[in-house]
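Commentary on secondary and tertiary structure
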Amino acid sequence: MIRHYARARKEKRAIDSTPVNTPTNTTILSSVCITGETAYTIYQCGTTAERFAEYLSSTLLPTLSETDIIVMDNMRSHHAKIVKDCKRATG
């Protein structure tokens, strides 16, 4: 971000700096069941289709029952072929 406005003492220039080493993103994939059970995992950086498929197969799907429903939004990794194959494999 670039600051367009700043305050400084009279006849002085406002000087600001930005950090050189910005931290990496942390992604938390989580699900909450109506009974209160939670399933989650934490990744450094963003969510890829492979990571989301791994979360489904190893963390979320083992905790679900036959009557549970998964609701996903339009995130790109939710509609990837590897995720669809993972859902089909588990029924």
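The paragraphs below set out a description of the structure included in this document. Bear in mind the structure is a predicted one, so any value in this text is a computation, not a measurement. (Residues numbered from 1 in each chain as written. Predicted model: local features only at pLDDT ≥ 70, side-chain atom pairs only at ≥ 80, totals over all residues. Heavy atoms only, no water.)

**Thoughts on the overall build of the chain**
- The helix and strand tally for the chain stands at two helices and two strands.
- Listing each helix as α and each strand as β along the chain from the N terminus yields β-β-α-α.
- Taken over the C-alpha trace, the chain has a radius of gyration of 21 Å; the compact-globule value for 91 residues is 12 Å, which it surpasses by more than 25%.
- In terms of overall dimensions, the chain has a C-alpha envelope of 70 × 30 × 20 Å along the principal axes. (Helix = DSSP H or I, 4+ residues; strand = E, 2+ residues; numbered from the N terminus. Rg over C-alpha atoms; globule rule 2.2 N^0.38 Å.)

**Thoughts on the nonpolar core**
- Among the nonpolar cores identified, the biggest contains 13 residues, and Leu29, Phe52, Tyr55, Leu56, Leu60 and Val83 are the most heavily contacted of them.
- Those elements that provide at least two residues to this core are β2 (38-44), α1 (49-60) and α2 (81-90).
- Ranked by residues supplied to this core, first place goes to α1 with six residues.
- Once you skip the residues sitting within four places of it in the chain, Tyr55 turns out to touch Leu29, Ser30, Ser31, Ala39, Tyr40, Thr41, Tyr43 and Leu60. (Core = buried A, V, L, I, M, F, W, Y, C linked by side-chain atoms within 4.5 Å. Buried < 20%, exposed > 50% of the residue type's maximum accessible area, 1.4 Å probe, protein only. Contact = heavy atoms within 4.5 Å.)

**Some remarks on the packing of α1 against α2**
- At a closest axis distance of 8 Å, the pairing of α1 and α2 adopts a crossing angle of 15°. When the interaxial angle is binned, α1 and α2 end up roughly parallel. For the crossing formed where α1 meets α2, the hand is right-handed. For the pair formed by α1 and α2, the contact residues are Ala49, Glu50, Phe52, Ala53, Leu56 and Ser57 on the first element and Ile82, Val83, Cys86 and Lys87 on the second.
- Class assignment of the residues belonging to the contact of α1 with α2 gives a composition of seven nonpolar, one polar and two charged. (Axes fitted to C-alpha atoms, helices over the stretch in contact; angles between N-to-C directions. Parallel < 35°, antiparallel > 145°, perpendicular 65-115°, else oblique. Left-handed = near helix turned anticlockwise from the far one by under 90°. Nonpolar A, V, L, I, M, F, W, Y, C, P; charged D, E, K, R; others polar.)

**Here we look at the environment of Leu56**
- Structurally, Leu56 can be placed in helix α1.
- Separated by 30 residues in sequence, Leu56 and Cys86 have C-alpha atoms that sit 7.6 Å apart.
- Every residue in contact with Leu56, bar those within four places of it in the chain, is listed here: Leu61, Pro62, Val83, Cys86 and Lys87.

**Side note on the pattern of salt bridges**
- Applying the stated rule across the entire model yields two salt bridges.
- Here Asp85 and Lys81 are joined by a salt bridge, their closest N and O atoms 3.1 Å apart. Note that Asp85 and Lys81 are positioned in helix α2 at a spacing of four residues, about one turn of the helix.
- Within the structure, one salt-bridge network assembled from shared partners comprises Lys81, Asp85 and Arg88. (Salt bridge = Lys/Arg side-chain N within 4 Å of Asp/Glu carboxyl O.)

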